[in-house]
Amino acid sequence: MNKKPIIRIVSCLIIILIARIVLIDVLDKINVLTTNYINVIDNEISIDDNFESIYAINNLKYNNGVLDFNIKPDNNEYTLFIRLLTFHHEIYLNNKLYSQNIDQDKKQYNQNFAYKTIEIKDISNIRIYGDSLEKLEFFIAKRDIMDSAVEKRTIYYTIKLMSLFLLVMLFIIMFLNDKKEKCFIVFVLVGMTSIIKSIALGELPVLARLLDVNITNYCIYGNITTVVNTLLPIIIMLNLFEIKLTKKIYKYISVILLFTVIILSIDFSKYYYKVFIAFSFVNISITIYGATYKKSYYKVIVLNGIIYFSLAVYQLNVMNGNLRTGVLHFYTSTGYIGAIIYLIGFAIVFIKKYKSRIKESIEIKKELERITLLRGISHDLKLPLSVIKISSQMIESQKLNCKQIKEFANDITQEVNILEKMTDNINAYLKLGYKDGKDYHTSVKAVFKRIEKDFNLINYNNKYDFSVLYDNKDYYVNIDELELYRLLYNLLDNSFKYCNDYDRILISYKVEDRLVITVEDTGIGMDSEQANKIFSPFYRLDKSRTKEGLGLGLSVVKGIVDECGGDISIKSEIGKGTKVIILLQFTTKTI
């Protein structure tokens, strides 16, 4: 029996448990050390000195659904802050009804349940009636200090909500970019339910009222969002660890979830912790499985789980009275910070996964291009090589006169020129994207003159109506002279290739906002679909490959123009010809 998996499981479980205990203990110590606590004697709070911060109130005694206590302030005005009034209650101040959320038709109705404040000026008696008084948290401070603290608190909750909105937007964008990754939809659902739950907390009353959240339906929002946000991360982990479940198992899970929602709806407070523990057990089991078999991203998932569940368990312990409340719990909800960290952790994992997939697809694309290039080369080299071979054999083996030898030699020269042109374009294509960092000041007129001379030689028999138009001035561009020559050569070579006898071919340059180079002809032209593909590598108008070349010439042209920050466009119509326009930055003198 292989003991290694068992050892890994036990080790991982111990590490997770110790890490969570340590993190919860650290959070508790930070909370206690940063919080000032006020002494309560027989449910009486005496303020004898000036408070310069917020004080937490502990150890209040409850009796049969009633909390009754007195506050004796000094000469300053104070504000009592009561948190977690998520149940039907009545609050009396000095025997007068101060606030209630039982009957909206009666006076002092206040539907805010996240927190309420009471202004304390003189000796005051506070009496609260309700069923969950043990969950209440109390803080007291000078009026101006408390006002400032409540404002900060609202800002913190707003920032958390905005963070969730931004995460949801990020997941939507990622899904639109990669619709194959269905987990981004799961992320959107997790984020949306987190937003709903964050609003349902009532910390931002305006938003809570938009969702019509009140004491009656608060638990419904809580139940649904809790189940969704506990289950969906499990689905994400199953996807990450490539654990595939059968349809039968999914049916069982659906039934269990249905019963879970029903049970939570009947008695949320009684069954919530049991449901939380059950889902936590499943989550930990999957995490341990991933760590045991070293699945992809298991380290991030383990760390993510430790942070999230530690923050959530810490919050539950404070709410349940097992740990002391304090300013950390006053200003924020650690469970929701954990949820945001949880989502960010998963987002990082899936962004890395997404980038890895993009990298793989780029590598696959490059490999396909390489294969296509090799196939194109092997196919297109066959004809010139065959001509060279046959011509050489004829010269070598046959008794030929001088005229015949000259003809075969001319054939060999033509095919060698074709091979040389193909090789130049292959080298130019492979060099695209590799800049040497130099600044060039190439004369446009000088390159045009060289082009004119070379193509006049090619057109020595005046087969085409070829002409070059110059601007009055010379201009200089930041392109290597050889690359500018290759750019113009490839464009003209394409025109010569796809023109009929006596068609007009014109190359020109002029200056508007930028240098405008135009190559136009009255050749066979092309349709809009072909024009859109013409700059793609290996694309050829001549599908039968009777025309020489690999289909790299115009892609090299496009690459050179892009590298120097220029623009290139093409206008063409079948039977009427083609016009290519290039726009480049220029200078009027060399440097």
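Residues numbered from 1 in each chain as written. Predicted model: local features only at pLDDT ≥ 70, side-chain atom pairs only at ≥ 80, totals over all residues. Heavy atoms only, no water.

## With respect to the overall build of the protein
Alright, step 1. Scanning the protein from terminus to terminus reveals 15 helices and 18 strands.
Alright, step 2. Evaluated residue by residue, the protein yields a buried proportion of 44% over its 591 residues.
Alright, step 3. A sequence separation of at least 24 residues applies to 75% of the contacts in the protein between residues at least 6 apart.
Alright, step 4. Just so you have it, the protein exposes about 32,900 Å², and 57% of that area is on carbon and sulfur atoms. (Helix = DSSP H or I, 4+ residues; strand = E, 2+ residues; numbered from the N terminus. Buried < 20%, exposed > 50% of the residue type's maximum accessible area, 1.4 Å probe, protein only. Contact = heavy atoms within 4.5 Å. Areas by Shrake-Rupley, 256 points an atom, 1.4 Å probe, with all protein chains shown as cover.)

## Describing a positive patch on the surface
Alright, step 1. Positive charge collects at one region of the surface, where Lys 4, Arg 8, Lys 294 and Lys 299 lie side by side.
Alright, step 2. For Lys 294, a relative accessible area of 55% puts it in the exposed group. (Patch = residues over 30% accessible without salt bridge, like charges linked within 9 Å, V, L, I, M, F, W, Y side chains within 5 Å. Salt bridge = Lys/Arg side-chain N within 4 Å of Asp/Glu carboxyl O. Lys, Arg positive; Asp, Glu negative; His and termini not counted. Charge placed at Lys NZ, Arg CZ, Asp CG, Glu CD.)

## Some details on the sheet that holds strand 16 (residues 515–521)
Alright, step 1. If you walk across this open sheet you meet the five strands as 13-15-16-18-17, and the pairing is mixed. Strand pairing shows two members of the sheet lacking a second neighbour, strand 13 (465–469) and strand 17 (567–573), which therefore form its edges. Adjacent strand axes in the sheet meet at a mean angle of 10 degrees, parallel and antiparallel pairs treated alike.
Alright, step 2. In this sheet, strand 16 lies alongside strand 15 (residues 504–511) in antiparallel orientation, the contact comprising seven bridges. The residue of strand 16 that forms the bridge with Val 511 is Leu 515.
Alright, step 3. Against the sheet, helix 12 (residues 444–458) touches strand 13, strand 15 and strand 16, its axis set at about 165 degrees to strand 13. (Pairing = 2+ DSSP bridges. Axes fitted to C-alpha atoms, helices over the stretch in contact; angles between N-to-C directions.)

## Looking at helix 13 (residues 481–497)
Alright, step 1. Spanning 17 residues, helix 13 covers 24 Å between terminal C-alpha atoms, matching the ideal 24 Å at 1.5 Å per step.
Alright, step 2. Summarising burial for helix 13: 13 of the 17 residues are buried, a large majority. (Expected span 1.5 Å × (residues − 1).)

## A closer look at the nonpolar core
Alright, step 1. If you look at the biggest cluster of nonpolar residues, it comprises 40 residues, and the most contacted ones within it are Leu 488 and Ile 582.
Alright, step 2. Among the elements of the structure, helix 12, strand 13, helix 13, strand 15, strand 16, helix 15 (553–563), strand 17 and strand 18 (577–584) are those that each provide at least two residues to this core.
Alright, step 3. Ranked by the residues each element gives to this core, the list is headed by helix 13, at eight residues.
Alright, step 4. Ignoring any residue separated from it by four or fewer positions in sequence, one finds Leu 488 in contact with Val 447, Phe 448, Ile 451, Ile 507 and Ile 517.
Alright, step 5. Ranked by size, the runner-up nonpolar core spans 38 residues in total, among them Tyr 157, Leu 161, Ile 236 and Leu 343. (Core = buried A, V, L, I, M, F, W, Y, C linked by side-chain atoms within 4.5 Å.)

## Some words on the side chain of Ser 443
Alright, step 1. Positionally, Ser 443 belongs in strand 12 (residues 442–443).
Alright, step 2. Looking at Ser 443, the relative accessible area reads 16%, which means it is buried.
Alright, step 3. A polar contact of 3.1 Å, which involves the side chain of Ser 443, links it to the backbone nitrogen of Ala 446.
Alright, step 4. Reaching out from Ser 443, the side chain makes a polar contact with the side chain of Asp 474 at a distance of 2.6 Å. (Polar contact = N/O pair within 3.5 Å; in protein donor to acceptor, adjacent residues only side chain to side chain.)

## Section: empty space enclosed by the protein
Picture a little ball the size of a water molecule; that probe, rolled over the atoms, points out where space is still empty.
Alright, step 1. Overall, the coordinates contain four cavities of 30 Å³ or more when judged by the stated rule.
Alright, step 2. One number sums up the size of the second largest cavity: a volume of about 160 Å³.
Alright, step 3. Looking at the second largest cavity, it is lined by 16 residues, and the ones nearest its centre are Asn 494, Ser 495, Asp 521, Met 526 and Thr 578.
Alright, step 4. Residue assignment for the lining of the second largest cavity shows that the elements contributing at least two residues are helix 13, strand 16 and strand 18.
Alright, step 5. For the lining of the second largest cavity, the residue count by class is nine nonpolar, five polar and two charged. (1 Å grid on protein atoms, 1.4 Å probe; cavity = no way out; pocket = protein on both sides within 12 Å on 5 of 7 lines; lining within 4 Å. Points joined across faces, edges and corners; volume = space filled by probe spheres on them. Nonpolar A, V, L, I, M, F, W, Y, C, P; charged D, E, K, R; others polar.)

## Looking at the pairing of strand 17
Alright, step 1. The pairing of strand 17 with strand 18 spans seven bridges and is antiparallel. The partner of Lys 571 across the bridge, within strand 18, is Lys 579.
Alright, step 2. As consecutive antiparallel partners, strand 17 and strand 18 are separated by three residues, and within that stretch Gly 575 has a phi angle of approximately 85 degrees, a positive value.

## Digging into the packing of aromatic side chains
Alright, step 1. Under the criterion given, the structure shown has 20 aromatic pairs.
Alright, step 2. Considering the side-chain rings of Phe 466 and Phe 496, the 5.6 Å spacing of their centres and the 65 degrees angle between planes classify their relative orientation as edge-to-face. Of the two residues, Phe 466 sits in strand 13 while Phe 496 sits in helix 13, which places them 30 residues apart along the sequence.
Alright, step 3. In this structure Phe 466 comes out as buried when scored by relative accessible area, which is 11%.
Alright, step 4. Between the aromatic rings of Tyr 485 and Tyr 489, the centroid separation amounts to 5.8 Å while the plane-to-plane angle is 35 degrees, which identifies the pairing as tilted. On the criterion of helical spacing, the pair formed by Tyr 485 and Tyr 489 is a turn pair, its members being four residues apart in helix 13. The exposure classification of Tyr 485 matches that of Tyr 489, with both residues buried.
Alright, step 5. An aromatic cluster of three or more residues is present, and its members are Phe 81, Tyr 115, Phe 139, Tyr 156, Phe 330 and Tyr 331. (Phe/Tyr/Trp six-rings, centres within 6.5 Å; stacked < 30°, edge-to-face > 60°.)

## Considerations on the pairing of strand 7 (residues 89–93)
Alright, step 1. Here strand 7 lies mainly inside the structure; four of its five residues are buried.
Alright, step 2. By the bridge criterion, five bridges tie strand 7 to strand 10 (residues 124–130) in an arrangement that is antiparallel. Counterpart to Leu 93 in the pairing with strand 10 is Ile 126.
Alright, step 3. Relative to strand 8 (residues 96–100), strand 7 runs antiparallel, the two sharing four bridges. The residue of strand 8 that forms the bridge with Glu 90 is Gln 100.
Alright, step 4. Between the end of strand 7 and the start of strand 8, which pair antiparallel, lie two residues, with Asn 94 showing a positive phi angle near 55 degrees.

## A look at a nonpolar patch on the surface
Alright, step 1. Among the surface-exposed residues, Ile 6, Val 10, Ile 14, Ile 18, Val 22, Val 26 and Ile 30 lie close enough to one another that they form a single nonpolar patch of about 560 Å² accessible area.
Alright, step 2. Tracing the backbone shows Val 22 in helix 1 (residues 4–33).

## Here's the deal with the pattern of salt bridges
Alright, step 1. All told, the structure shown has 13 salt bridges when counted by the stated rule.
Alright, step 2. Between Glu 137 and Arg 83 there is a salt bridge whose closest N-O contact spans 3.1 Å. In this pair, Glu 137 is assigned in strand 11 (residues 137–142) and Arg 83 in strand 6 (residues 78–83), connecting sequence segments 54 residues apart.
Alright, step 3. Accessibility expressed as a relative area gives 4% for Glu 137, which makes it buried.

## Focus on unusual backbone geometry
Glycine aside, the phi torsion of most residues is negative, and most peptide linkages are trans.
Alright, step 1. Positive phi values are uncommon outside glycine, yet Asn 43 reaches one of about 55 degrees.
Alright, step 2. With respect to the helices and strands, the residue Asn 43 is situated in the loop between strand 1 (36–38) and strand 2 (44–46).
Alright, step 3. Residue classification places Asn 43 among the buried residues on the basis of a relative accessible area of 10%.
Alright, step 4. One non-glycine residue, Asn 94, adopts positive backbone phi at about 55 degrees.

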